[in-house]
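Geometric and topological summary
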Amino acid sequence: MRTFGILLLLARTISVLGLGQTPVIAFEPSSGSLRLADSSTPVQILVEESDWKGVIRTANDLAHDFGRVTGLNGTVLHSNATTKSPGVIIAGTIGKSALVDRLLFTLNTTTAIRGQWETYLTTIVQSPLPGIPSALLIAGSDKRGTIFGLYSISEQIGVSPWHFWADVPTKRHSAIYTVPRTNTINGPPSIKYRGIFLNDEAPALSGWVRAKYGTLPNGAAAMNADFYATIFELLLRLRANLLYPAMWDGQFAVDDKRSQARADEYGIVMGTSHTEPMARSTKEWNVRGAGAWNWKSNRARVEPFLKEGAERAKPYETLFTIGMRGSHDTPMSADVETSVLEEIVASERAILKDLNMTGVPQSWCLYKEVQGYYEAGMRVPDDVVLLWADDNWGNIRRLPNAKDNNRTGGAGVYYHFDYVGDPRNYKWINTVILQKTWHQIHLAHAKNARDIWVVNVGDLKPLEIPINHVLDMAYDINRWEADPVPWLTAWADREFGTDEAKDIARIAARFSVLAGQRKFELVEPDTWSVSHYDEADRVMASWKELVDESSEVYKSVQESAKATYFQTIHHPIVAGENFHKTMILAGKNRLHALQGRNYANWLADEVRKAFGRDHILSKQYNELLNGKWSHMMDQTHFGYSSWQQPMRQYTPPLHYVQTLEPGLNGNIRVMAEGSPAVGPMPDDGANNDPKILPQLSPYSQSRRWIEVFSTAIADVSYEIKAEPFVKLSERSGELPVNGEGSSVKVFVDIDWSKLSKTSGNTTITIIGTVDGKNDTTTVHLPYNSAQAPSGTKGAIEADGYISYEPWKLPELLQAKDVEEAASPRYLGISEYGVTLAPSAISTLTEKSAPILSIPFFSFTTYSNSSITVYFAPSLNTDPDNPMAYTVAVDGQTPKRVQIVKDGVKGDLPAGWDKAVTMERWESKNMIPIQPGQHTLKLQLLDAGLVLKKIVVDFGGVKSTGLGPPESKWIA
Ligand code: REL
């Protein structure tokens, strides 16, 4: 965003309602402001008839939007003579409106926007027309420039881009003014073509379309021009310009003959997915094409089919996909050599030439195997945009490097927020990590992939937040920082108002992190450890806390905004919590059944209840606002057993123990933290297999726990005995046969002040009594009170490890020990990781990269000590320059490590499945470390890396979903 004239210094003030925009609108008058409308005087919007139809259409939307705010719709006028009173907006496009051209000439500002892509100027003009003392001028450099200018006023008067698609209510005001003086220029956008791909649209979006728009005679959901118009409008209000239509069962240009023209009139550029060349949909060939979709064997029919597509799209602004793949998302047949593909591209180019369409925008999507063709040397003409792709999981696979730059066509990225395929579909609710989107789009921009950014958004809902977020960055890449909270605050402020904005932003940011830890479809009963680090219970507690916070806000948001809040914030949180809870309880249920716990039965019932609740939550969504969003929450999500979605939902396996007969010892049993099960099943009736808790030290990350549970068919009482320095959260109690109370978790800690020796092994005795019969179990608790010497700094070893999460200690992120300390800077990406400034991609060496120095103290002598570094699952985007980091302890020579080992060029690297499942790479280095104070030194040599966690293992690390929790820190 640039400004001109005297208001330069005021320009970056943030508007409450226009996300990231310089305010033009006010609801109170002030000296020099212009009254645009009030409840008795409508705004007059003057647009000349000679302007683009899409501009006139948007002016009508704006007139209507004024009505939403003041109660009185504006009027759209086409001729100067009809404007009668003040309250005038003059809008138009350079070269399409003589009036606008004249006004810009008078203001001497034409050159500020002429020839720019999608740029607009907003200013107040004095005496623009006879009888009109002043007016608000919106002048666009081109069609969409003016449209974005008009919609920016809509947004600033309080009509959200999501007024239809997320039911955001409009706040009423009795009058609307401009700010006193306004001179802003917006644009050109950071990415030239920005938009979405509606994909994987069954069952949710297609079900919704059937309910609202009906079914076509051919049986497909009626995704007609009226349906698409709602999407066009949303995109333009979000300042986007590109749409790939749904194609599973849809034929955009055929299903409704009005659709292509409608898109063009609105100002939306239509494209087609990577697998659909020349503006034709896959289904068109399936329905109408004769013979195989195969160039080699059926060129005679395929070629004219492609030509028809180009001819049909010729009158409309279109982004042509060129090249060819197999039908749907498949490679062409194995015997296809790149020479055939080159022939296909040559033919497509010839078609465009024949039709006098040379110069229309074209892209070659280097998706999946197609990237391999490029890496193997295939090239397309220079003016075609190379549309690089991610790995379907939000990690860009390749970006232009020095060799690919300087092409006139430039480059772009095809990116996923939703996917159907390996390792598993993710298409239920939002799992997009906002920081990750920020990181990836910034890398792409830094590497000159600035021509296209198209995101596969599945059914559109419920991805409102990530869609808005990424499109805002694609519009103005430098406007928003890596931490998503400021953007979320502005977003929530616009949709819900200032009172709740901060809370909502915090809640949404937290959701993004929790949901992003593991996509729902990949969560299994054993994903979160029930044995180590209290992980499963911690995960449940984090979700529960979020549910509680969101429920409070849900109560306080205004009645009119509750439906919006439910769709965009609350449903994903409660449904997400319920999903994790179901899986965790099912994981416990299995373990507890193995252990013979009566409690397993209560858990099984709870799993069934949560499973039922999931249905109720989906139904609540589908029935919201009298069924406005019916079917939108129809996506199955329980019951994944392979990559493909389950056709019918089912619970994870459930286990019931037989409580009509006693368990083998029919009394109590005990599980000690860290033991995978209770030990050997006591068919000897004994319960004295060794149970040893992990050692406690003053630096342990948390207390220890044991679980005492009943295996009896009568009520049991228990008593726990321990030395005086052992703190227990329970010392005795009753365990009924059934129900939640049949198992109890007892926390164990040490009162270090009462210890008489530094280290030892104390015994905790648990005695169960049923029908007068006792059963005794012993648990051993090793402890060590050794203190780190005074002067110790940093992370302190306990439980045999050190774990450090860098973004939590931002003072360490300052560049240190490096000459160019001023240049590459670490960017903390809150709760996701730490990276460098995007401009530092592929440019750093051991000499120039900043050093992250982490002090730590270790107690244990362990010959196999290792340092494992967790990174986000980003990929090497430059095959000639793979991402690397260095690691060293104290004065060691830094070891350079390449994280991602690419296989055959164009293939995904080894270990990719695991990395995207866990949302991290783990890079392990065997480094001998003697006890004492040390400094761990780490350098990121590439901005593609996002450092998430560092784990130093002295033999204690357990394998869990999230890795060991953070160590204590001495400042
Ligand atoms: O996510 C993708 O890009 C692909 O899986 C889909 O676009 C795919 O082509 C499928 O919907 C169509 O057949």
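Predicted model, so just to flag it, every value in this text is computed and none were measured. (Residues numbered from 1 in each chain as written. Predicted model: local features only at pLDDT ≥ 70, side-chain atom pairs only at ≥ 80, totals over all residues. Heavy atoms only, no water.)

1. Brief notes about the layout of surface pockets
- Put simply, the largest pocket is a space of about 680 Å³.
- Forming the boundary of the largest pocket are 30 residues, of which Q517, E805, W807, K949 and L962 lie nearest the centre.
- Elements that contribute at least two residues to the lining of the largest pocket include exactly α16 (498–517), α17 (535–556) and β38 (947–953).
- The leading source of residues in the lining of the largest pocket is α16, at five residues.
- Classifying every residue of the lining of the largest pocket by side-chain character gives twelve nonpolar, six polar and twelve charged. (1 Å grid on protein atoms, 1.4 Å probe; cavity = no way out; pocket = protein on both sides within 12 Å on 5 of 7 lines; lining within 4 Å. Points joined across faces, edges and corners; volume = space filled by probe spheres on them. Helix = DSSP H or I, 4+ residues; strand = E, 2+ residues; numbered from the N terminus. Nonpolar A, V, L, I, M, F, W, Y, C, P; charged D, E, K, R; others polar.)

2. Focus: the pattern of salt bridges
- In total, this model carries 54 salt bridges according to the counting rule given.
- Among the salt bridges present, the one from E337 reaches K296, with a minimum N-O distance of 3.2 Å. Taken together, the residues span a long stretch of sequence, with E337 in the loop between β14 (320–321) and α11 (338–354) and K296 in helix α10 (residues 295–313) at a distance of 41 residues.
- Classification of E337 as partly exposed rests on a relative accessible area of 38%.
- Put simply, E922 and R920 hold a salt bridge, and the shortest N to O gap is 2.8 Å.
- For R920, a relative accessible area of 6% corresponds to the buried category.
- The network of salt bridges with common partners includes R57, D61, D65, R68, E233 and R237. (Salt bridge = Lys/Arg side-chain N within 4 Å of Asp/Glu carboxyl O. Buried < 20%, exposed > 50% of the residue type's maximum accessible area, 1.4 Å probe, protein only.)

3. Overview of the domain arrangement of the chain
- In terms of domains, the chain is made up of domain 1 (16–186), domain 2 (193–482), domain 3 (504–627), domain 4 (668–784) and domain 5 (794–970).
- Placing a centre on the C-alpha atoms of domain 1 and another on those of domain 4 gives a separation of 72 Å. (Domains from an automatic or database assignment.)

4. Thoughts on empty space enclosed by the protein
- For the structure on display, the rule yields 13 cavities of 30 Å³ or more.
- Space inside the largest cavity adds up to approximately 130 Å³.
- Taken together, 18 residues make up the lining of the largest cavity; nearest its centre are F252, Q260, M270, T272 and A279.
- Elements with a minimum of two residues in the lining of the largest cavity: α7 (252–255) and α8 (259–266).

5. Describing the sheet that holds strand β2 (residues 25–26)
- The sheet built from three strands is open, its strands ordered β2-β9-β3 with antiparallel pairing. Among the strands making up the open sheet, the edge pair consists of β2 and β3 (35–38).
- Here β3 pairs with strand β9 (residues 175–178) via three bridges, running antiparallel. Paired with A37 across the two strands is I176, which belongs to β9. (Pairing = 2+ DSSP bridges.)

6. Brief notes about the environment of K192
- Inspection of the secondary structure assignment puts K192 in the loop between β10 (183–186) and β11 (193–197).
- A relative accessible area of 31% means that K192 is categorised as partly exposed.
- Distance from K192 to G412, taken between C-alpha atoms, is 9.2 Å for residues 220 residues apart in sequence.
- Residues contacting K192, with those up to four places away along its chain left out, are W117, E118, N241, R450 and D451. (Contact = heavy atoms within 4.5 Å.)

7. Some words on the nonpolar core
- In this structure, W165 and L198 are the most contacted members of the largest nonpolar core, which totals 242 residues.
- Broken down by element, this core gets its largest block of residues, twelve residues, from helix α18 (residues 562–594).
- When near neighbours in sequence (up to four residues on either side) are disregarded, W165 contacts L205, W208, F227, T230, I231, L234, L460, K461, E464, Q567, W629 and M632.
- Counting residues in hydrophobic clusters, the runner-up holds 26 residues, among them L696, Y718, V726 and L781. (Core = buried A, V, L, I, M, F, W, Y, C linked by side-chain atoms within 4.5 Å.)

8. Side note on the sheet that holds strand β20 (residues 691–692)
- The strand order β20-β27-β26-β22-β24 describes an open sheet built from five strands, whose pairing is mixed. Strands with a single pairing partner mark the edges of an open sheet, and in this sheet they are β20 and β24 (732–735).
- As paired elements, β20 and strand β27 (residues 773–784) share two bridges and run parallel to each other. Counted as the bridge partner of K691 is V779 from β27.

9. Notes on the site of the ligand
- Neighbouring the ligand are 14 residues, the closest being N199, W248, H328, Y414 and H416.
- At 2.5 Å from an oxygen atom of the ligand is found a side-chain nitrogen or oxygen belonging to H328.
- At 3.2 Å, a side-chain N or O of N456 approaches an oxygen atom of the ligand.
- In isolation the ligand has 330 Å² of accessible area, and contact with the protein removes 96% of it.
- Considered class by class, the residues forming the shell around the ligand number six nonpolar, six polar and two charged. (Near = heavy atom within 4 Å. Polar contact = N/O pair within 3.5 Å; in protein donor to acceptor, adjacent residues only side chain to side chain. Areas by Shrake-Rupley, 256 points an atom, 1.4 Å probe, with all protein chains shown as cover.)

10. As for the packing of aromatic side chains
- Within the structure shown, the criterion is met by 45 aromatic pairs.
- Taking 6.3 Å as the distance between ring centres and 55 degrees as the angle between the ring planes, the aromatic pair formed by W364 and Y374 counts as tilted. You can see W364 sitting in strand β15 (residues 362–366) and its partner Y374 sitting in helix α12 (residues 369–375), a full ten residues away along the chain.
- An aromatic cluster is defined as three or more aromatic residues linked by ring pairs; in this entry it consists of F164, W165, W208, Y213, F227, Y228, F232, F252, Y266 and W629.
- Over the ring of Y426 we find K519; its NZ or CZ atom is 4.1 Å from the centre of that ring.
- The residue whose ring lies beneath K628 is F164, and the NZ or CZ to ring-centre distance is 4.0 Å. (Phe/Tyr/Trp six-rings, centres within 6.5 Å; stacked < 30°, edge-to-face > 60°. Lys NZ or Arg CZ within 6 Å of the ring centre and 35° of its normal.)

11. Regarding the packing of helix α14 (residues 464–475) against helix α15 (residues 485–496)
- Contact geometry for α14 and α15: axes closest at 11 Å, N-to-C directions at 115 degrees. Where α14 crosses over α15, the two elements pack in a sense that is right-handed. Contacts from I465, N468, H469 and D472 of α14 reach α15 at W487, L488, W491 and R494. (Axes fitted to C-alpha atoms, helices over the stretch in contact; angles between N-to-C directions. Left-handed = near helix turned anticlockwise from the far one by under 90°.)

12. Here we look at the pairing of strand β21 (residues 704–710)
- Across the seven residues of β21, seven count as buried, placing the element largely inside the fold.
- Pairing of strand β19 (residues 668–672) with β21, which is carried by five bridges, proceeds in the antiparallel orientation. Directly across from R669, in β21, lies its bridge partner F709.
- In terms of strand pairing, β21 meets strand β25 (residues 743–750) through six bridges, oriented antiparallel. Residue pairing for β25: F709 is matched across the bridge by S743.

13. What to know about the confidence of the model for the chain
- Chain-level statistics for the chain give a pLDDT mean of 93 and a share of 95% at 70 or above.
- Scored below 50 in pLDDT, residues 1–15 shows 36 contacts in the model against residues more than four places distant or in partner chains.
- Of the regions scoring below 50 in pLDDT, residues 679–688 engages in 16 contacts with residues more than four places distant in sequence or in other chains. (pLDDT = per-residue confidence, 0-100.)

14. Thoughts on α18
- Here α18 is 33 residues long and its end C-alpha atoms lie 45 Å apart, about the 48 Å a rise of 1.5 Å per residue gives.
- Of all bends in α18, the biggest is about 50 degrees, found at H570, and the proline P572 comes one to four residues later. (Expected span 1.5 Å × (residues − 1). Bend = angle between axes of the 7 residues up to and from the residue.)

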